Amino acid sequence: MSSFNGKTAVITGAASGIGRELALQMSREGAVIIAADYNKKNLDDTVKMVKGEGGTAFAYKVDISNNEQVVKFAGDVKKKHGGVDILINNAGVTLFGKFEELKFKDFEWIMNINLWGAIYMSKAFLPEIKEKKDSYLVNVASIFGVIGTGNQSAYCATKFGLRGFTEALQDEMHAFPVNVVSVLPGGIKTNIAKNARFIKNGSVMKDTEKLERRLEKIARTTAEKAAADIIEGMKKKKLRVRIGGDARFLDRLQRLMPVKYNRVVAKLF
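Residues numbered from 1 in each chain as written. Predicted model: local features only at pLDDT ≥ 70, side-chain atom pairs only at ≥ 80, totals over all residues. Heavy atoms only, no water.

J.: Any chance you could explain helix α2 (residues 40–52) here in plain terms?
T.: Residues lying three or four places apart along an α-helix face the same way, a consequence of the helix completing one turn every 3.6 residues. The end-to-end C-alpha distance of α2, which contains 13 residues, comes to 18 Å, matching closely the 18 Å that a straight helix rising 1.5 Å per residue would cover. For α2, every residue scored as buried is listed here: Leu-43, Thr-46, Val-47 and Val-50. One side of α2 holds all its buried residues, which, seen down the axis, span an arc of 95°. Of the residues in α2, the exposed ones pointing more than 90 degrees away from the buried face are Lys-41, Lys-48 and Gly-52. Next to the buried residues of α2 lie α1 (17–28), β2 (32–37) and β3 (57–61). With a side-chain oxygen positioned 3.4 Å from the backbone nitrogen of Lys-41, the residue opening α2 is Asn-39. Where α2 terminates, the next one or two residues include Gly-54, which has phi positive at roughly 90°. (Helix = DSSP H or I, 4+ residues; strand = E, 2+ residues; numbered from the N terminus. Expected span 1.5 Å × (residues − 1). Buried < 20%, exposed > 50% of the residue type's maximum accessible area, 1.4 Å probe, protein only. Arc of directions from axis to C-beta. Contact = heavy atoms within 4.5 Å. Polar contact = N/O pair within 3.5 Å; in protein donor to acceptor, adjacent residues only side chain to side chain.)

So this is what it looks like as C-alpha cells:
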C-alpha cells in the first residue's frame, strides 16, 4: 500500500465533481493539492474546503486546452512548489449529437479538452514525475473509451484515444517508478451533464433540462465514491480502475460480445 503523505498532487477539473472529491480525499491522506480548473470561483471553493479541513491547497485557473497556459502552469508549479509527485488528468466535458449533425468545431472543442488537455498536461509534467519514487500519472477516461454508442461519437473518440494513450504510456514507463493508471468511470453524479453540449440539427440546444435529468437518473455512483475508488486503485498499483457497477457490466459485456455488444447497449440507453 502506498502513502500520499507529503506528496504534491496536481488535479485538473478540481472545481467540482470527482476532481473536488479527489482534492479533499487526497488532502486527508497528507498530500499537498495543486488544484487546476477553468472555473476560478468554484476552484477557490474547493481550496477553501481543503483548507477548512486543515489541508494545504493552491488554486490555479488553467485552460488545459491551451498548451501555452499548460506550459506556464507547469513552470509556475515547479518554481513555487517544487517537484510534483502525482498528476491526475480528470478534467473533461461531454457532447451529445449524431455524427452527421456535428460540426468540426464541435469535435475540436471536445478533443481539445478531453484528449489534447491530457496530452498537454502529461507532456508538461511527466519528465519530472517519472524521476520520482512511487509517483503517479492518472488519466480519467470513461467506460465510453471501451464501448462505442450512438450520439456519442465525439466523446467516444476522445475517451478511446485517452485510454489508448494511457495504455501506451504504461508500456513506455514500465522501467520507471511511475504508476500510470487508466480510470474508466460509468455514470457519475457530477456537473458533467449540466456542462454538456447537446447538438440537434447542427445547433447547440438551449433547453436541455429534460435531457440533463435523464442523464442524472442514469448516473448512480457518487463523486465521493468515484474518488475513493481511484485512490484505492492507486494504492493497489492497479493499471485499470473501473468505477461503478455499470462500468464493470459494460466492460464485461464488451469482452463477451466484442462485435455485437452495441445492440445490447442501444436497448439499454
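Okay, back to it.
J.: Looking at this structure, how should I read the environment of Asp-229?
T.: Locating Asp-229 in the fold gives a position in helix α7 (residues 223–235). Placed 207 residues apart in sequence, Asp-229 and Leu-22 show a C-alpha to C-alpha distance of 10.0 Å. The residues contacting Asp-229, other than those within four sequence positions of it, are Val-241 and Ile-243. A distance of 2.8 Å separates a polar atom in the side chain of Asp-229 from a polar atom in the side chain of Lys-225.

J.: Explain the side chain of Asp-106 here, please?
T.: Along the chain, Asp-106 turns up in helix α4 (residues 104–129). Asp-106 gets classed as buried once you look at its relative accessible area, which sits at 4%.

J.: Any chance you could explain the side chain of Asp-251 here in plain terms?
T.: The residue Asp-251 is located in helix α8 (residues 245–256) in this model. A polar atom in the side chain of Asp-251 sits 3.1 Å from the side chain of Arg-242. Not counting chain neighbours up to four residues away, the residues in contact with Asp-251 comprise Ile-143, Val-146, Arg-240 and Arg-242.

J.: Please explain unusual backbone geometry as it appears in this structure.
T.: A negative phi holds for most residues other than glycine; trans holds for most peptide bonds. With a phi close to 55°, Asp-134 is a non-glycine residue in the positive phi region. Position of Asp-134 among the secondary structure elements: in the loop between α4 and β6 (135–140). Within the chain, Asn-151 stands out as a residue other than glycine whose phi angle is a positive 65°.

J.: Got a minute to help me understand the pairing of β2 in this structure?
T.: Each regular strand carries side chains that alternate between the two faces of the sheet. In terms of residue burial, β2 counts as a mostly covered element, since 5 of its 6 residues are buried. Here strand β1 (residues 8–12) pairs with β2 via 5 bridges, running parallel. Its bridge partner lying in β2, Val-10 is registered against Ile-34. With 5 bridges connecting them, β2 and β3 associate as parallel partners. Within β3, the residue paired with Ile-34 across the bridge is Phe-58. Note that the unit made of β2, α2 and β3 has a crossover that is right-handed. (Pairing = 2+ DSSP bridges. Right-handed = clockwise from strand over helix to strand, strands pointing away.)

J.: Which parts of the structure should I look at to understand the packing of helix α3 (residues 67–81) against α4?
T.: Helix packing geometry: the angle between the two helix axes and the distance between the axes. Taken N-terminus to C-terminus, the directions of α3 and α4 make an angle of 25°; their axes are 8 Å apart at the nearest point. Considering the angle they form, α3 stands roughly parallel to α4. Where α3 crosses over α4, the two elements pack in a sense that is right-handed. In this structure, α3 contributes Asn-67, Val-70, Phe-73, Ala-74, Val-77 and Lys-78 to the contact, and α4 contributes Tyr-120, Met-121, Ala-124, Phe-125 and Glu-128. Residue composition of the contact of α3 with α4, grouped by class: 8 nonpolar, 1 polar and 2 charged. (Axes fitted to C-alpha atoms, helices over the stretch in contact; angles between N-to-C directions. Parallel < 35°, antiparallel > 145°, perpendicular 65-115°, else oblique. Left-handed = near helix turned anticlockwise from the far one by under 90°. Nonpolar A, V, L, I, M, F, W, Y, C, P; charged D, E, K, R; others polar.)

J.: I'm lost on the nonpolar core in this one. Help?
T.: Nonpolar side chains in soluble globular proteins generally cluster together in the buried interior. Residues Val-10, Phe-73, Met-121 and Phe-125 are the most contacted members of the largest nonpolar core, which totals 48 residues. Of all the secondary-structure elements, those providing two or more residues to this core are β2, α3, α4, α5 (153–172), β7 (178–185), α8 and α9 (261–268). Sequence-distant contacts of Phe-125, defined by excluding residues within four places in its chain, comprise Val-10, Phe-73, Ala-74, Val-77, Val-84 and Leu-87. Grouped together as the second largest cluster of nonpolar side chains are 33 residues, Val-47, Val-181, Val-183 and Ile-231 included. (Core = buried A, V, L, I, M, F, W, Y, C linked by side-chain atoms within 4.5 Å.)

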